[in-house]
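# Residue-level structure breakdown
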Amino acid sequence: MSLADQIFINMCKDILENGTSTEGEKVRPKWEDGSYAYTIKKFGVVNRYDLSKEFPALTLRKLAFKSCIDELLWIWQKKSNNIKDLNSHIWDSWADENGSIGKAYGYQMGVKHKYKEGYMDQVDRVIYELKNNPFSRRIITNMYVHQDLHEMNLYPCAYSMTFNVTNKPGSDKLVLNAILNQRSNDILTANNWNVCQYAVLVHMLAQVCGYEVGELVHVIADAHIYDRHIPIVKELITRPTYDAPEFYMNPDVKDFYDFKVEDFELRNYKYGPKVDIPVAV
Ligand SMILES: Nc1nc(=O)c2c([nH]1)NC[C@@H]1CN(c3ccc(C(=O)N[C@@H](CCC(=O)O)C(=O)O)cc3)CN21
Ligand SMILES: O=c1ccn([C@H]2C[C@H](O)[C@@H](COP(=O)(O)O)O2)c(=O)[nH]1
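Every value quoted in this text rests on a predicted model; they were computed, and no experiment measured them. (Residues numbered from 1 in each chain as written. Chains lettered and ligands numbered in written order. Predicted model: local features only at pLDDT ≥ 70, side-chain atom pairs only at ≥ 80, totals over all residues. Heavy atoms only, no water.)

### So, the nonpolar core
F55, W76, L130, M161, F163, Y198 and L216 are the most contacted members of the largest nonpolar core, which has 66 residues in total. Looking at this core, the element that brings in the most residues is helix α5 (residues 187-209), giving 14 residues. Not counting the four nearest positions on each side in its chain, M161 is found in contact with W76, I139, I140, T141, A178, I179, L180, Y198, L201, V202 and L216. (Core = buried A, V, L, I, M, F, W, Y, C linked by side-chain atoms within 4.5 Å. Buried < 20%, exposed > 50% of the residue type's maximum accessible area, 1.4 Å probe, protein only. Helix = DSSP H or I, 4+ residues; strand = E, 2+ residues; numbered from the N terminus. Contact = heavy atoms within 4.5 Å.)

Put into structure tokens, the structure is as follows:
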């Protein structure tokens, strides 16, 4: 069993057994047929993934590895907020007639800010700091920009990364750790999707900035299972599990902006059957 499976199974059991229902509350999302999408939720879930031990892909079901990296590159590398630049259809329901999701995600990563060294966007600032000032405790990105929230079709869920370079205990190597802060997480649809995206981001930044990968700590404020997902989750967590797949990233890429989806592979990836997941909009 992969560590990621273990963490996922324990988290789902905890939400199902100890979570609270939002039924009857004033909720925002709806199902396709117009009925409200309620959840069972737990506040304040924290999961730690040691990326030096394994890549955290679930084996209970297949992670859509290529699409999740494509979305990560859309946000962090292309810095786009337009679904025309995305190869999947996962954002279609939140885009306007021009394909824009508003001033969310990639838009925020492309905004330049003034620093002592000149104007940089958040991604370039992280790379600059990791290369020039790695022991800084100020290496943070943030997409939750209050002045722009009214122009976002969906407020950013996975909204902040905190990077931290640390000495590997008992060695002279430096590891890149990170905390992913997420205000809201649809556990069945996007928990493993978000974890694996940001695990890939840590691998990418570690490679181009000269570090080993360390831990990814995922802090979730509202960890929820939607009502129509409950039977799917109950079945999923009883499935057999397999060892974690091997993560491959093209070692020749040394510039963050040169990575392509084809530079990443999951090898020897064994997983359970596909599940159909309705997504609340
Ligand atoms: N309710 C809700 N849950 C979410 O997870 C979510 C939203 N809304 N709104 C914005 C984005 C869109 N996200 C999504 C939406 C769909 C898939 C999805 O269908 N995933 C499939 C594979 C898709 C593919 O290969 O292209 C899966 O099997 O994981 C994933 C993330 C995550 N976000
Ligand atoms: O990367 C993502 C994007 C979205 N989600 C989920 C979390 C919620 O279920 C919805 C957003 O609804 P809010 O009412 O704005 O919280 O989308 C996710 O898990 N990961």
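### Description of the site of ligand 1
Every one of the 15 residues lining ligand 1 counts as a neighbour, but R61, S67, W94, D186 and A280 are closest to it. One of the side-chain nitrogen or oxygen atoms of R61 is found 3.1 Å away from an oxygen atom of ligand 1. In the model, a nitrogen atom of ligand 1 is placed 2.8 Å from a nitrogen or oxygen of the A280 main chain. Across the complex, the protein chains shield 77% of the 660 Å² of accessible surface that ligand 1 would expose by itself. Sorting elements by how many residues they give to the shell around ligand 1 places α5 first, with 3 residues. Across the shell around ligand 1, the residue classes tally to 10 nonpolar, 3 polar and 2 charged. (Near = heavy atom within 4 Å. Polar contact = N/O pair within 3.5 Å; in protein donor to acceptor, adjacent residues only side chain to side chain. Areas by Shrake-Rupley, 256 points an atom, 1.4 Å probe, with all protein chains shown as cover. Nonpolar A, V, L, I, M, F, W, Y, C, P; charged D, E, K, R; others polar.)

### What about the UniProt feature "active site" (unreviewed entry) in the chain?
According to UniProt, the "active site" (unreviewed entry) feature falls on C157. Position of C157 relative to the elements: it lies in the loop between β5 (139-142) and β6 (158-167). Overall, C157 belongs to the buried group, its relative accessible area being 18%. Filtering out sequence-adjacent residues up to four positions away, C157 remains in contact with Y105, N181, Q182, R183 and S184. (UniProt positions renumbered as here; feature names shortened; annotations may be inferred.)

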